[in-house]
Amino acid sequence: MDPFADTLQRLREAFDSGCTRPAEFRAAQLKGLSRFLQENKQLLQEALAQDLHKATQLDSAFIRKEPFGLVLVIAPWNYPLNLSLEPLVGALAAGNCVVLKPSEVSKSTEKVLAEVLPRYLDQSCFAVVLGGPQETGQLLEHKFDYIFFTGSPRVGKIVMAAAAKHLTPVTLELGGKNPCYVDDNCDPQTVANRVAFFRYFNSGQTCVAPDYILCSPEMQARLLPALQSAITRFYGEDPQSSPDLGRIISEKNFQRLRGLLSCGHVAIGGQTDESDRYIAPTVLVGVQETEPVMQEEIFGPILPIMNVRSLDEAVEFIRRREKPLALYAFSNSSQVVKRVLAQTSSGGFCGNDGFMHMTVASLPFGGVGASGMGSYHGKFSFDTFSHHRACLLRRPGLEKVYALRYPPHTPRNLRVLLAAMETRSCSCALL
Ligand code: NAD
């Protein structure tokens, strides 16, 4: 018998119902907390006196942002330059020393980063180290003050477990399957242009790419010719000869993606050329949720369409899966877009487009749940790589005033202290 199961299930069901979201609910809970303190002052004082012989104190404070120290940045291969340099900017700006471990898969970029980049930085504070899984495992045995990892959820768990041994804080920028809901009232060509552009960009090897479409069978019938038209306009009649379509990074990923083409059936594309690691921009239909293409992150130029009968069904489908890095909703109704936003959770969200939210420097970028933890970009990068040190500075004098807080706690002293606390609602200069 698990003594916690019922309670945890009850709370999770309450959260899933959305009841904690409205501002009024939150305000009511905070007011409840405040009433708890006011109405039970005596009871609490007695309890605290019995447990600890003391009462709690509040004080005013300021935050000093300080570098963590020695930071490890581990990068993936799909945007090997950006995803090495962007975290580096934050880490250096915050004043850290940095070890950068680029991906061994994107070999040419790894070489430039290792051989050329250090010449531009103070090498006493910055180093590039090379290696694949085995060497990175060895590197992770060392103690760092912060680890910033971008890559797959599988390796993210390895990194976090290694960091836990030293209690090192981490940011994990991971991947997953990003749903793309398309409402029946949309203009199919507009949706097709936008989804195709963001799905086939970098040959689909983008962590925030729309991974699959959720729409009705009617919308699917309208989307298919529109997607075909978008693909032909973007990449020509023979996408393999287009200078604008990338290739699959490795033989291993090529084989994995070719395997996914047997899920459902191919409605558009489907051609492959192993010698060129080429996979045509592809759309799959008739796909089952249990098939591999709907179980793993696709990370390639393949777009399955799953049919749902209603918005409710789409929301339910999204909610019963891991929280994605990005979520997309297309609709001419802002109410529908807002409903998808309100009833789901994801690292980021964009209504009526692809991953544009990621390009806005004033927005944090990061995952939630299985898609990662922590965030960066712009000012958020600086904050991520800084320890927020809580500080209080006090003048050495005025001891007679501060002496009010020392025991013995006479009724008179307590009255003065409480009055001081009440005049400054969230901080008390006397304490
Ligand atoms: P990966 O997890 O295989 O590798 C990432 C890094 O980890 C590489 O530097 C690699 O050398 C290292 N690594 C690999 N295996 C390791 C192990 N066993 N122990 C220690 N280190 C190991 O990821 P990838 O294939 O390079 O990149 C693709 C993944 O990254 C996808 O899941 C994608 O969604 C994700 N990604 C996420 C973001 C984001 O910002 N959230 C951006 C790009 C890619």
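> Please clarify how the site of the ligand should be interpreted in this entry.
Taken together, 27 residues surround the ligand, and among them A75, K101, E104, S152 and E297 come closest. Between the ligand and A75, the relevant distance is 2.7 Å, taken from an oxygen atom to a main-chain nitrogen or oxygen of the residue. Considering the ligand on its own, with 840 Å² of exposed area, one finds that the protein chains cover 91% of that surface. Within the residue set of the shell around the ligand, elements represented by two or more residues are helix 6 (133–139), strand 5 (146–150) and helix 7 (153–165). Broken down by class, the residue content of the shell around the ligand amounts to 15 nonpolar, eight polar and four charged. Viewed by domain, the shell around the ligand spans two of them, domain 1 (5–174 + 375–387) and domain 2 (179–364), each represented by three or more residues.

> Teacher, can you tell me more about the pattern of salt bridges here?
Two side chains that carry opposite charge are able to pair once their charged atoms sit near each other. Enumeration according to the criterion identifies 16 salt bridges in this entry. A salt bridge links R64 to E66; the nearest nitrogen and oxygen atoms lie 2.6 Å apart. Given a relative accessible area of 46%, R64 falls into the partly exposed group. Between R247 and D276 there is a salt bridge whose closest N-O contact spans 3.0 Å. Here R247 is found in the loop between helix 9 (217–235) and helix 10 (251–260), whereas its partner D276 is found in the loop between strand 10 (272–273) and strand 11 (278–279), with 29 residues between them in sequence. The exposure class of D276 is partly exposed, given its relative accessible area of 29%.

The rules behind each value
- Residues numbered from 1 in each chain as written.
- Predicted model: local features only at pLDDT ≥ 70, side-chain atom pairs only at ≥ 80, totals over all residues.
- Heavy atoms only, no water.
- Near = heavy atom within 4 Å.
- Polar contact = N/O pair within 3.5 Å; in protein donor to acceptor, adjacent residues only side chain to side chain.
- Areas by Shrake-Rupley, 256 points an atom, 1.4 Å probe, with all protein chains shown as cover.
- Helix = DSSP H or I, 4+ residues; strand = E, 2+ residues; numbered from the N terminus.
- Nonpolar A, V, L, I, M, F, W, Y, C, P; charged D, E, K, R; others polar.
- Domains from an automatic or database assignment.
- Salt bridge = Lys/Arg side-chain N within 4 Å of Asp/Glu carboxyl O.
- Buried < 20%, exposed > 50% of the residue type's maximum accessible area, 1.4 Å probe, protein only.

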